[in-house]
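Chains, contacts and geometry: an overview
Chain residues, written in single-letter form:
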Amino acid sequence: MPSHPSAHVVRLGVLGHGVVGSAFVALVSQQSDDILARSGVRLEVAQVCIRDTKKKHTLPKGAVLVSDPYAVVQSSEVDLVVELMGGIDPASELIFAALNANKPVVTANKALLARHGAELFSAADAASTDLLFEAAVCGGIPLIRPLRESLRGEPITRVMGIVNGTTNFILTKMSELGADYQVALAEAQQLGFAEADPTADVQGHDAAAKIAIIASIAFGTTVRADDVYCEGITKITAADIAIAHKFGFAVKLLGVAELISKSSKLSVRVHPALVPLTNPLAAVRESFNAVVVDGRASGSLMFYGRGAGGEPTASAVLGDVIDAAINLRKGTHAPLGAFTEAKLLPISEINCEYMIGLEVADKPGVLHAVTGVFARNSVSIRAAEQDGIGSDARLVFLTHDAKESAVQSCLTEFKSLDVVKHVGALLRVVAG
Ligand code: HSE
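Residues numbered from 1 in each chain as written. Predicted model: local features only at pLDDT ≥ 70, side-chain atom pairs only at ≥ 80, totals over all residues. Heavy atoms only, no water.

Regarding the site of the ligand
In the vicinity of the ligand, the contacting residues are Lys110, Asn164, Gly165, Thr166, Asp201, Asp206, Lys210 and Ala308. Between the ligand and the protein, one listed contact pairs an oxygen atom with a backbone N or O atom of glycine 165 at 2.7 Å. Contact distances for the ligand include 2.9 Å between an oxygen atom and a side-chain N or O atom of aspartate 206. Protein chains shield 78% of the accessible area of the ligand, which is 260 Å² for the free molecule. Those elements that place two or more of their residues in the shell around the ligand are helix H6 (165-177) and helix H9 (205-219). (Near = heavy atom within 4 Å. Polar contact = N/O pair within 3.5 Å; in protein donor to acceptor, adjacent residues only side chain to side chain. Areas by Shrake-Rupley, 256 points an atom, 1.4 Å probe, with all protein chains shown as cover. Helix = DSSP H or I, 4+ residues; strand = E, 2+ residues; numbered from the N terminus.)

The following block contains the structure:
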């Protein structure tokens, strides 16, 4: 029973009791008195829905274990739904059902928001209730709320960052120890960062979902995961990283959402990028995440921390739950606002500097043939480096600002040259 004289009890229905769900339920119990003292709201975990009812689950006193998630959403004993089960179905239907029943929803479901965010945002606004999702992007790092609230008047020009901890861990090992990709991946799997099937992380799909959500909120426009140009880290070698270092760059998998002023279009993309060693993102190591928001008035802001894990993610969920509970008490909500359809710039139209590595025969005329390709496509070389690899050579070029389509034409031509044995990873430079 609430001990606070003006306590307002909000009963939570928690869908999912996995890594994040169990950490959230435990955190609510630990923090309950402090939350009451600071906000006047008493959070009670009323129902917890789990898939495997045979497994042992430790729940707080008074919480009921339920196996049917629809029963939780529809229950008259639940005021607020916390969706931590993940996946598209049935999470989508459950969230719509909760919103339609005027119950606020807090979710960490990145895949769902990156696919159906626009529809869910409209349903929440139509029901005049909260749909909060800080934990869906970069775990414990506050990013969605600063973008939605503190920066709501800011002319944002770019949001970019390291939004996947697994790939940042792998790239850190490759960079600092010279480890091969497969060795670094195996270590990430052993430590529990990478899944047994690491596809979603290493191919950039997880980062694409996150940058889609970030772009939607930062620019007030609907960007879906499928709209994001996406390249992973599987083609990056320790040699690429070492050469990038010589040119003054770190290699990071970045999610980028950038307003291109010339066309007023958004470029939203995920790819391995060359980050100047002087940029704070270059110093983000291991499995940490960091996002830099550039605004015309605010300048650069950096958000750094743990992007995954039970407790950091539960912390973000709890912050949202407290906000939604306070709003429920006041009979108000935080509107998500209007979202326009995004005008997206295809990757072929972006301009930046590039690093291109080629393995070539080490004999007269090869450099001439290769540089001729750059010249024919109007791509200007800024720096070049040659290393011997047995009877062959590795040529690495750093270009001046060039159009992606012209650089892609160069790659196609390189592949058709007899003297070029292998065309390595293409790395795009992000401006400091
Ligand atoms: N697998 C993700 C990462 C965390 O490595 O950052 C969940 O989005």
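The structure having been displayed, the exposition proceeds.
Details of helix H13 (residues 404-416)
When the terminal C-alpha atoms of H13 are compared, their 19 Å separation across 13 residues agrees well with the 18 Å that a helix rising 1.5 Å per residue should span. All of the buried residues in H13 are Glu404, Ala406, Val407, Cys410, Leu411 and Phe414. The arc that holds the buried residues of H13, viewed along the axis, is 160 degrees, so those residues lie on one side. In H13, those exposed residues whose orientation departs by more than 90 degrees from the buried face are Thr412, Lys415 and Ser416. Contacts from the buried residues of H13 go to strand S16 (354-361), helix H12 (366-376), strand S19 (402-403) and strand S20 (420-429). (Expected span 1.5 Å × (residues − 1). Buried < 20%, exposed > 50% of the residue type's maximum accessible area, 1.4 Å probe, protein only. Arc of directions from axis to C-beta. Contact = heavy atoms within 4.5 Å.)

Examining the packing of helix H3 (residues 91-100) against helix H4 (residues 110-126)
The relative placement of two packed helices is expressed as an angle between their axes plus a distance between the axes. In contact at an axis separation of 10 Å, H3 and H4 are set at 15 degrees when each is read in the N-to-C sense. Our classification of the angle between H3 and H4 gives roughly parallel. Here the hand of the crossing between H3 and H4 comes out right-handed. Contacts between H3 and H4 pair Ala91, Ser92, Ile95, Phe96 and Leu99 from the former with Leu112, Glu119, Leu120, Ala123 and Ala124 from the latter. By residue class, the composition of the contact of H3 with H4 is eight nonpolar, one polar and one charged. (Axes fitted to C-alpha atoms, helices over the stretch in contact; angles between N-to-C directions. Parallel < 35°, antiparallel > 145°, perpendicular 65-115°, else oblique. Left-handed = near helix turned anticlockwise from the far one by under 90°. Nonpolar A, V, L, I, M, F, W, Y, C, P; charged D, E, K, R; others polar.)

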